[in-house]
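Spelled out, the chains give:
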Amino acid sequence: MNDATFSSDTETHNNMANAIRALSMDAIQKANSGHPGMPMGMADVATVLFSKFMQFDPSWPNWPNRDRFVLSAGHGSMLLYSLLYLTGYEKPTVEDIKSFRQLHSPTAGHPEYGECPGIEVTTGPLGQGLATSVGMALGERLSNAEYGDTITDHFTYVLAGDGCLMEGVSQEAISLAGHLRLSKMIVLWDDNSISIDGSTDLSTSEDMHGRFEAAGWHVQAVDGHDPEAIEAAINEAQNSDQPSLIACRTIIGYGAPTKQGTSATHGAPLGDDEIAGARELLNWHAAPFEIPDDVLEAWRSVGAAGASTSAEWEKEFGKLDEFVREDFGRRQAKELPNSFDDAINDYKAKLVADPVKVATRKASQMALEVINDVVPETIGGSADLTGSNLTKTSQTAPISADDFSGRYVYYGIREFGMCAAMNGLALYGQHIPYGGTFLVFTDYARPAIRLAALMGQRAIYVMTHDSIGLGEDGPTHQPVEHVASLRAMPNLNVFRPCDAVETAECWALSLQSTDTPSVHSLTRQGLKQQRLTNTDENLCAKGGYILHEASGGNPKAVLIATGSEVEIAAEAREELEAVGIPARVVSMPCTELFDGQDATYRQEVLPEGVLTASIEAAATFGWQRYTGLNGINIGLDSFGASAPSPDLYEHFGITSDALVSAVKAKL
């Protein structure tokens with residue numbers, strides 16, 4: 001390259017990077033809210049990545065073999081919005097950018113999946129973008145093992161900040177990625193040594209390079225404002241057989257004459273005077289929100305280049321066997337195989353013909369044995385509790401760094417990392433992830449579950465040992481408030497089935513819910529099968545239904561129960577009926593689905609003016625909306641204790657005798 005060419009390339013790069021800086025400064029200033037420091041500091045890195053390496057097509061944003069770009073440092077959202085606009089995505093428009101952080105604008109304060117094409121994941125809670133990317137990179141390897149290099153062979157790039165790497169979930173993520181040798185994952189660390197409080201040396205002094213190397217990562221360090229060095233580092237990372245970290249030493253707020261390199265640029269608009277000074281320093285003289293034609297053309301040519309690559313991929317895809325193409329498309333559309341409904345109904349009929357008394361965790365494994373046989377895209381796993389959660393079936397061979405043809409991930413004791421990786425697998429679009437741990441440990445995983453609900457992703461959480469019924473492990477492991485707190489989360493279905501039939505139905509509903517994640521709250525203890533009449537109708541689909549009707553059909557008491565307490569309610573009903581009190585048992589495996597039914601149905605199941613009682617071995621919080629001010633709520637509003645399960649139920653008064661006595665006292 002001669003000096004003139006080098007000078008021209010440098011000028012083009014600088015102009016393209018400064019376009020990101022200018023749009024970011026202007027949008028944040030207009031909104032009077034936002035984080036300019038990261039977009040300005042990482043503009044050079046992003047420009048090199050997108051102009052030299054990223055494989056994408058704005059005209060086909062969901063092209064399956066595109067590179068994934070995840071802005072884990074989601075507060076720097078204007079970097080991503082600028083890139084999407086400049087490279088020619090349908091959204092955001094420049095008007096959308098002018099409406100940054102405003103109501104109904106697709107340019108939210110932090111990137112939100114589904115608002116703009118090209119946003120691969122909702123980010124903002126630091127560390128989760130990085131952890132979710134592990135699932136995306138794993139999804140790429142699984143797809144590659146199934147379809148080969150011509151169909152799936154791309155990278156997952158992550159832009160992470162100091163805060164992402166301080167969050168605990170980052171350790172779970174980098175450890176798992178290193179263990180699985182996810183070599184197509186490249187993390188670009190915005191190494192600017194600044195956090196909100198000031199210099200990062202106020203709070204951390206660890207050797208970040210050594211930390212990643214110890215986890216099995218390839219590590220490099222570069223000047224984040226040297227385009228040639230950045231390009232060379234990404235090239236080297238692409239050729240590594242390990243996941244890669246590139247520490248990009250940057251100046252936060254690069255170009256701001258008096259604030260660059262300080263925390264003042266992190267989370268507040270620069271101000272009109274500072275922006276004017278930055279324009280002078282960067283030699284950027286365009287008006288706010290205006291991009292010079294030559295600069296915009298340079299960026300748009302970057303976006304347009306992907307069309308030919310995606311077209312070549314489409315030709316290769318067309319050469320696949322017709323069944324493979326159709327199955328690939330089915331998965332992308334989140335549709336289940338045609339044989340799914342029959343498989344579930346046949347299984348339910350067998351259970352009714354030959355009833356079983358098993359824990360619902362075992363019933364879950366039994367259902368999965370059927371499901372995994374007909375739904376090849378399920379990917380199971382557990383956070384080191386496979387033998388307790390019973391999440392592995394005969395079809396799910398282990399996934400390892402040497403073999404990605406399996407369908408089961410040993411996540412290790414990384415509950416948060418597991419659920420974040422499951423989000424990445426779901427977002428990748430070719431797999432349905434499910435993973436298990438104890439219900440009490442949803443406390444560790446909750447932030448990832450919340451993001452799945454916010455993004456509308458089909459992730460299924462198999463949460464076993466769901467009450468004091470787990471027994472001797474005691475209150476540290478006995479959930480109390482967990483089911484109620486999960487029910488409070490928007491767009492999350494919490495299933496607590498009472499027997500093997502309901503468990504199968506709840507699994508079917510979870511798989512059919514393409515835009516809602518599900519929690520399965522499952523028992524350790526064995527439960528008597530309640531459903532003894534076969535029907536192809538999925539009764540659990542209405543959330544709650546009449547399981548055992550009162551004699552004569554006119555109940556004087558309605559007993560609502562879930563999970564392991566349905567058996568108790570059924571026993572109480574028999575006792576009440578024996579003394580002339582007609583009682584109805586309502587099984588309510590999913591309050592969210594029941595609440596979604598019309599008023600007529602809800603009134604039929606829970607008639608007004610009839611004494612209503614709830615019984616659940618968990619916090620009573622929330623049941624009052626069904627039982628009313630004068631109803632009965634039996635549950636556990638304290639922590640549990642260490643003892644055998646039957647002793648605990650007796651001690652805490654979660655028994656048929658207690659329910660019968662309470663009903664009699666009210667009538």
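As the structure is a computational prediction, the values presented were derived from the model and not from experiment.

> How should the packing of aromatic side chains be read in this particular structure?
Note on aromatic pairs: each is described by the distance of the centres and the angle between the planes. Evaluated as defined, the whole model comprises 18 aromatic pairs. Judged by centre distance (6.1 Å) and plane angle (70°), the ring pair of Y81 and F100 falls under edge-to-face. With Y81 in helix α4 (residues 77-87) and F100 in the loop between α5 (94-98) and α6 (128-147), the pair connects residues that are 19 residues apart, well separated along the chain. Accessibility expressed as a relative area gives 1% for F100, which makes it buried. Note on F594 and Y626: the rings are 6.0 Å apart at their centroids and 70° apart in plane angle, and the pair reads as edge-to-face. Within this pair, whereas F594 is found in helix α23 (residues 591-595), its partner Y626 is found in helix α25 (residues 624-627), the two being separated by 32 residues in sequence. Grouping residues by exposure puts F594 and Y626 together as buried. Counting every residue linked through ring pairs, the aromatic cluster contains W60, Y147, W313, F317 and F328. One residue, K184, lies across the ring of F155, its end atom 4.1 Å from the ring centre.

> Where do I start with the state of the cysteines in this structure?
Within the structure shown, the criterion is met by 0 disulfides. Unpaired in terms of disulfides, C498 finds its nearest cysteine sulfur in C540, a separation of 7.3 Å.

> So what exactly am I meant to see when it comes to the layout of surface pockets here?
Gaps between atoms show up when a probe of the same size as a water molecule is rolled over them. In this model, the second largest pocket occupies a volume close to 340 Å³. Take the lining of the second largest pocket: its biggest share by element is 3 residues, from helix α18 (residues 415-428). Among the residues making up the lining of the second largest pocket, the classes are represented as 9 nonpolar, 7 polar and 4 charged.

> Please explain the sheet that holds strand β7 (residues 244-249) as it appears in this structure.
Strand pairing in a sheet relies on backbone hydrogen bonds. The paired strands run either parallel or antiparallel. Read across the open sheet, the 5 strands follow the order β1-β2-β3-β7-β6; overall the sheet is parallel. Edge positions in the sheet fall to β1 (68-71) and β6 (218-223), since each of these pairs with one other strand and no more. Strand-to-strand, the axes of this sheet are offset by a mean angle of 20°, without reference to chain direction. Bridge count between β1 and strand β2 (residues 156-161): 4 bridges; the pairing is parallel. Along β2, the bridge assignment pairs F69 with Y157. α4 rests against β1 and β2 of the sheet, and its axis sits at about 145° to β1. Running over the sheet, helix α10 (residues 227-238) touches β2, β3 (185-191), β6 and β7 and is turned about 170° from β6.

> What's the story with a negative patch on the surface in this structure? I'm lost.
Judged by side-chain charge, E472, D473, E571, E574, E575, D647, E650 and D657 come together as a negatively charged surface patch. For the negative patch, the secondary structure elements donating two or more residues are α22 (565-578) and α26 (645-651). With respect to the element layout, E472 can be found in the loop between β12 (460-464) and α20 (482-487).

> Looking at this model, I keep getting lost on the side chain of T437. Mind explaining?
Structurally, T437 can be placed in strand β11 (residues 432-438). Overall, T437 belongs to the buried group, its relative accessible area being 0%.

> Teacher, can you tell me more about the pairing of strand β9 (residues 378-382) here?
Remember that side chains alternate between the two faces of the sheet whenever the strand is regular. Within β9, 5 of the 5 residues are buried, leaving the element largely enclosed by the surrounding structure. Neither face of β9 is open: one carries T378, G380 and S382, the other I379 and G381, and all of them are buried. Both β9 and β11 contribute to a ladder of 3 bridges, which runs parallel. By the bridge assignment, T378 is partnered in β11 with I432.

> Please clarify how the nonpolar core should be interpreted in this entry.
Generally speaking, a soluble globular protein has its nonpolar side chains buried in company with each other. With 115 residues, the main nonpolar core has F69, M185, W217 and W299 as its most contacted residues. The greatest single-element share of this core, amounting to 9 residues, is contributed by helix α1 (residues 3-31). By size, the runner-up hydrophobic cluster in this structure holds 48 residues, among which are L559, V585, V605 and Y649.

> Even after reading the chapter, I still don't get the packing of α6 against helix α8 (residues 168-179), so can you show me in this structure?
For any two helices packed against each other, one specifies the inter-axial angle together with the distance between the axes. In contact at an axis separation of 8 Å, α6 and α8 are set at 25° when each is read in the N-to-C sense. Classed by the angle they form, the pair α6 and α8 counts as roughly parallel. The hand of the α6/α8 crossing is left-handed. Here α6 contributes Q128, L130, A131 and V134 to the contact with α8, which in turn contributes V169, S170, A173, I174, L176 and A177. Among the residues forming the contact of α6 with α8, the class breakdown is 8 nonpolar, 2 polar and no charged.

> It is not clear to me how the pattern of salt bridges should be interpreted in this structure. Could you clarify?
If charged atoms from side chains of opposite charge come close, those side chains can pair. Considering all chains together, one arrives at 22 salt bridges under this definition. The salt bridge partner of E312 is K315, with a shortest N-O separation of 3.5 Å. Within this pair, E312 and its partner K315 are both found in helix α13 (residues 306-318), separated by 3 residues, close to a single helical turn. As a salt-bridge pair, D595 and R625 come within 3.2 Å of each other at their nearest N and O atoms. With D595 in helix α23 and R625 in helix α25, the pair connects residues that are 30 residues apart, well separated along the chain. Where salt bridges share partners, they join E146, D327, R330, R331 and E377 into one cluster.

> Help me understand the sheet that holds strand β20 (residues 632-634) in this model?
With mixed pairing, the 5 strands of this open sheet are ordered in space as β16-β18-β17-β19-β20. Looking at the sheet topology across the chains shown, the edges are occupied by β16 (545-548) and β20. Neighbour to neighbour, the strand axes of the sheet diverge by 30° on average, direction disregarded. Pairing geometry for strand β17 (residues 557-561) and strand β18 (residues 583-587), over 5 bridges, is parallel.

> Which parts of the structure should I look at to understand α22?
The α-helix winds at 3.6 residues per turn, so residues separated by three or four positions along the chain end up facing the same way. In this model α22 runs 20 Å from its N-terminal to its C-terminal C-alpha over 14 residues, within 8% of the 20 Å that 1.5 Å per residue would give. Taken together, the buried positions of α22 are E565, V566, E567, I568, A569, A570, A572, R573 and L576.

> Is there a simple way to think about the packing of α22 against helix α27 (residues 656-666) in this case?
Two elements in contact, α22 and α27, have axes whose closest approach is 8 Å; the angle formed by their N-to-C orientations is 50°. Put simply, α22 runs oblique to α27. Where α22 crosses over α27, the two elements pack in a sense that is right-handed. For the pair formed by α22 and α27, the contact residues are I568, A569, E571, A572, E575 and L576 on the first element and S656, D657, L659, V660, V663 and K664 on the second. Grouping the amino acids of the contact of α22 with α27 by side-chain chemistry returns 7 nonpolar, 1 polar and 4 charged.

> Is there a simple way to think about empty space enclosed by the protein in this case?
Taken as a whole and assessed by the stated rule, the structure comprises 2 cavities of 30 Å³ or more. As a volume, the largest cavity reaches approximately 90 Å³. Looking at the largest cavity, the residues that line it are F50, M54, F56, P61, R66, D67, F69, L80, L84, Y89, G118 and E120. A breakdown of the residues in the lining of the largest cavity according to their chemical character gives 8 nonpolar, 1 polar and 3 charged. Of the voids in this model, the second largest cavity is the one considered here, and its volume is about 80 Å³. The class makeup of the residues in the lining of the second largest cavity is 2 nonpolar, 4 polar and 4 charged.

Reading the values: the criteria
- Residues numbered from 1 in each chain as written.
- Predicted model: local features only at pLDDT ≥ 70, side-chain atom pairs only at ≥ 80, totals over all residues.
- Heavy atoms only, no water.
- Phe/Tyr/Trp six-rings, centres within 6.5 Å; stacked < 30°, edge-to-face > 60°.
- Helix = DSSP H or I, 4+ residues; strand = E, 2+ residues; numbered from the N terminus.
- Buried < 20%, exposed > 50% of the residue type's maximum accessible area, 1.4 Å probe, protein only.
- Lys NZ or Arg CZ within 6 Å of the ring centre and 35° of its normal.
- Disulfide = S-S within 2.5 Å.
- 1 Å grid on protein atoms, 1.4 Å probe; cavity = no way out; pocket = protein on both sides within 12 Å on 5 of 7 lines; lining within 4 Å.
- Points joined across faces, edges and corners; volume = space filled by probe spheres on them.
- Nonpolar A, V, L, I, M, F, W, Y, C, P; charged D, E, K, R; others polar.
- Pairing = 2+ DSSP bridges.
- Axes fitted to C-alpha atoms, helices over the stretch in contact; angles between N-to-C directions.
- Contact = heavy atoms within 4.5 Å.
- Patch = residues over 30% accessible without salt bridge, like charges linked within 9 Å, V, L, I, M, F, W, Y side chains within 5 Å.
- Areas by Shrake-Rupley, 256 points an atom, 1.4 Å probe, with all protein chains shown as cover.
- Salt bridge = Lys/Arg side-chain N within 4 Å of Asp/Glu carboxyl O.
- Lys, Arg positive; Asp, Glu negative; His and termini not counted.
- Charge placed at Lys NZ, Arg CZ, Asp CG, Glu CD.
- Core = buried A, V, L, I, M, F, W, Y, C linked by side-chain atoms within 4.5 Å.
- Parallel < 35°, antiparallel > 145°, perpendicular 65-115°, else oblique.
- Left-handed = near helix turned anticlockwise from the far one by under 90°.
- Expected span 1.5 Å × (residues − 1).

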